[in-house]
Amino acid sequence: MKTYQGKGVYGAVAVGKISVLKKRDAAVKRTHVENAESEKARFEQAKSLAIQQLQEIYDKALKEVGEANAAIFEIHQMMLEDDDYNDSINTIIENQSVNAEYAVAVTEDNFAEMFAAMDDTYMKARAADVRDISNRLINTLSENIQTETASDEKVIICAADLAPSETVALDKDRVLAFVTAYGSSNSHTAILARNMNIPAVISAGEKFLAEIRDGDEAVVDGYTGEIFVNPDKETRSRLLEKQRAGDEKKRLLQELKGKENVTLDGCRINVYANIGSVGDIGKVLANDAGGIGLFRSEFLYLENSDYPTEEQQFNAYKKVLESMAGKKVIIRTLDIGADKQVDYFNLKKEENPALGYRAIRICLTRPEIFKTQLRALYRASVFGSLGIMFPMITSVSELKRILAVCDEVKEELREQCIEFSDKIELGIMIETPAAALISDKLAPMVDFFSVGTNDLTQYTLACDRQNPDIEQFIDTHHEAILRLIEMSAKNAHKHGAWIGICGELGADTSLTETFLRMGIDELSVSPAFVLKVRDTIRSIDLSK
Ligand code: PEP
Ligand code: MG
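Here the structure is a predicted model, which means the values were calculated and not measured.

Before going further, it helps to spend a moment on the site of ligand 1. If you check the shell around ligand 1, you find 16 residues, and the closest are H188, R296, R332, G452 and N454. One of the side-chain N or O atoms of K340 is found 3.5 Å from an oxygen atom in ligand 1. Between N454 and ligand 1, the recorded distance is 2.7 Å, taken from a backbone N or O atom to an oxygen atom. For ligand 1, whose accessible area on its own is 290 Å², the fraction buried by protein is 100%.

Those protein atoms acting as donors to the magnesium ion (ligand 2) are E431 (OE) and D455 (OD), and they sit at 2.0 to 2.2 Å. One end of the pair, E431, is in the loop between strand 13 (425-430) and helix 15 (433-437); the other, D455, is in helix 17 (residues 453-460), and 24 residues separate them in sequence. Just as E431 is buried, D455 falls in that class too.

With that out of the way, let us pick up the sheet that holds strand 15 (residues 498-501). Ordered in space as 9-10-11-12-13-14-15-16, the 8 strands form a closed barrel in which the pairing is parallel. On average, adjacent strands in this sheet sit at an angle of 25 degrees to one another, irrespective of strand direction. Relative to strand 13, strand 12 (residues 385-390) runs parallel, the two sharing 4 bridges. Across the sheet, the residue bridging to G387 is E425, located in strand 13.

Moving on, we come to the packing of helix 2 (residues 83-96) against helix 3 (residues 100-116). Viewed as axis vectors pointing N to C, helix 2 and helix 3 meet at an angle of 130 degrees, and their least axial separation amounts to 9 Å. One element, helix 2, and the other, helix 3, form an angle in the oblique class. For the element pair helix 2 and helix 3, the recorded crossing hand is right-handed. Of the residues in helix 3, those touching helix 2 at D84, Y85, S88, I89, I92, I93 and Q96 are A100, Y102, A103, V104, V106, T107 and F111. Considering only residue class, the contact of helix 2 with helix 3 consists of 10 nonpolar, 3 polar and 1 charged.

Calculation notes
Per chain, the residues get numbers from 1 upward, laid out in the order the sequence is written. Key to labels: chains lettered from A, ligands numbered from 1, both in the order written. The predicted origin of the model limits local features to residues at a pLDDT of at least 70 and limits the giving and counting of side-chain atom pairs to 80 or more, whereas totals for whole chains, interfaces and linings rest on all residues. Side-chain metrics in this entry use all non-hydrogen atoms of the structure; hydrogen atoms and water are not considered. Any residue with a non-hydrogen atom lying within 4 Å of a molecule or strand is treated as near it. We call two N or O atoms a polar contact when they sit within 3.5 Å, provided that within protein one can donate a hydrogen and the other can accept it, with sequence-adjacent residues counted only if both atoms are side-chain atoms. To measure how exposed things are, a 1.4 Å probe is used in the Shrake-Rupley method; for residues, cover is taken only from the protein chains shown. A donor here means an N, O or S atom no more than 2.8 Å from the metal, or no more than 3.2 Å when the metal is Na, K or Ca. Since water is not included, a site may seem to lack partners. Elements are defined by DSSP. Helices are runs of H or I of four residues or more, strands are runs of E of two residues or more, and each kind is numbered from the N terminus. Throughout this description, buried means an accessible area under 20% of the type-specific maximum (1.4 Å probe, protein chains only), exposed means over 50%, and partly exposed covers the range between. Two strands are said to pair when DSSP picks up at least two bridges between them. To get an axis, a line is fitted to the C-alpha atoms, and for a helix only the part in contact is used. The angle between two axes follows their N-to-C directions and goes from 0 to 180 degrees. For classification purposes, an angle smaller than 35 degrees is called roughly parallel, one larger than 145 roughly antiparallel, one from 65 to 115 roughly perpendicular, and anything else oblique. Working rule for handedness: look at the near helix, and if it is turned counterclockwise from the far one by less than a right angle, call the crossing left-handed; if clockwise, right-handed. Here, residues are in contact when the closest pair of their heavy atoms is within 4.5 Å. Charged residues are taken to be Asp, Glu, Lys and Arg, nonpolar residues to be Ala, Val, Leu, Ile, Met, Phe, Trp, Tyr, Cys and Pro, and polar residues to be all remaining types, Gly included.

Purely spatial values, then, with no claim about function.
The following block contains the structure:
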């Protein structure tokens with residue numbers, strides 16, 4: 001048995017086989033092949049497999065996110081059948097006697113460059129699709145050797161690290177647990193892992209990655225961050241017992257469903273859930289959350305290989321609002337940039353992306369993207385109780401510009417006789433020290449604040465949330481952060497606005513009482529933490 005220590009980011013235990021997620025090497029190797037015909041046959045086989053995979057993804061997406069969002073996977077299947085694309089790959093294999101992976105990579109580069117050079121923005125965006133289908137082919141080609149025996153068995157996914165876009169692409173029905181060698185606990189990957197409701201450990205180390213093999217049996221303890229590979233009998237049964245006890249605790253929490261979020265002395269607070277996609281609604285309902293306090297809408301963009309259209313977005317927002325049947329749904333406008341990179345945005349590489357061109361800065365400088373999203377949101381507003389929230393605010397002038405765009409969008413919709421609700425709440429995220437410090441000026445301009453403690457911590461303590469090497473310097477309970485939250489709460493209430501917390505700190509039950517004493521009106525947490533937070537609230541007595 002070998003034991004590795006990482007950081008648990010979602011407490012639960014999993015027992016199963018390891019599947020190492022391999023990423024494509026930056027450069028595909030060129031190798032000489034003797035038999036071009038059999039190499040071409042290998043390519044054909046990989047192509048059929050890729051088309052089959054895409055069909056499965058399409059079927060799943062159709063159920064989860066609707067036809068408009070699923071359509072891209074049908075387009076990818078057609079692209080794989082494209083004659084020019086296929087001719088190019090087969091000709092390279094034949095003429096140069098090279099491996100299929102190399103022929104695909106060269107074709108990918110040629111086609112992607114050709115699309116990128118086109119004037120038409122639609123055709124330009126096809127470059128990302130060519131890259132996507134070619135990556136799939138190359139991965140399929142290199143996995144062909146090992147995945148012959150792959151079954152539907154659930155596995156423990158192990159990887160060096162995962163980008164948010166890779167995490168969303170994982171087939172969640174096949175993931176038992178999730179272990180990465182690197183990564184930090186406040187990264188979006190860790191947040192997504194928590195949202196997936198499965199044991200997750202990050203930062204397990206280089207040695208872990210070097211020593212594990214596909215098919216190794218392992219036990220992942222998401223509570224302690226330990227991973228036992230080829231566990232001995234005693235460890236295995238100890239952890240199975242822990243798994244049983246954990247499941248039992250979660251079962252008991254289910255009994256809180258339908259009960260009020262009220263302290264022993266009668267203080268009420270809303271407990272909402274955070275989601276990243278329409279597919280997460282099931283978990284929100286299963287955990288009986290009072291609403292959605294943060295829908296990270298950028299994941300709609302991450303799941304797509306092109307800008308989601310107004311119609312696609314409208315359908316997604318409408319679905320969330322309808323599913324929540326009148327309960328509050330707060331949708332955050334696009335928060336792309338920093339660690340959430342989307343190819344088709346063509347963002348420049350930055351020295352300090354967390355301090356760079358991201359979120360509202362993109363929206364305010366690329367109004368066509370912002371307005372498309374706002375139109376979709378306003379149109380969807382008639383299907384439920386919508387709140388729109390803007391990320392990364394640092395100044396009053398930014399907020400004035402945002403509100404002016406909202407007015408423009410409303411005016412356009414009125415002119416086109418398109419209905420929208422007049423009860424939409426507008427709010428901002430308090431996730432920069434600047435926003436907290438001028439919260440007295442911002443509060444009169446909005447209906448609510450939502451504190452993004454993940455970024456607020458990063459910016460207040462000058463600690464990059466993506467950097468695992470400085471985790472020891474990240475004190476999430478730092479007095480400076482708590483003071484900024486308290487200051488924002490006071491200013492919100494003074495001007496008639498309400499205030500919630502949607503960062504990960506909202507689920508830290510050792511602070512629930514502190515937040516209640518500050519007058520926080522709402523806590524929005526990963527769906528799996530809703531009942532735990534509710535249980536804590538019901539045990540607090542503020543009169544003491
Ligand atoms: C935050 O910063 O706390 C937040 C909720 O936003 P995100 O984690 O998506 O940056
Ligand atoms: Mg944030």
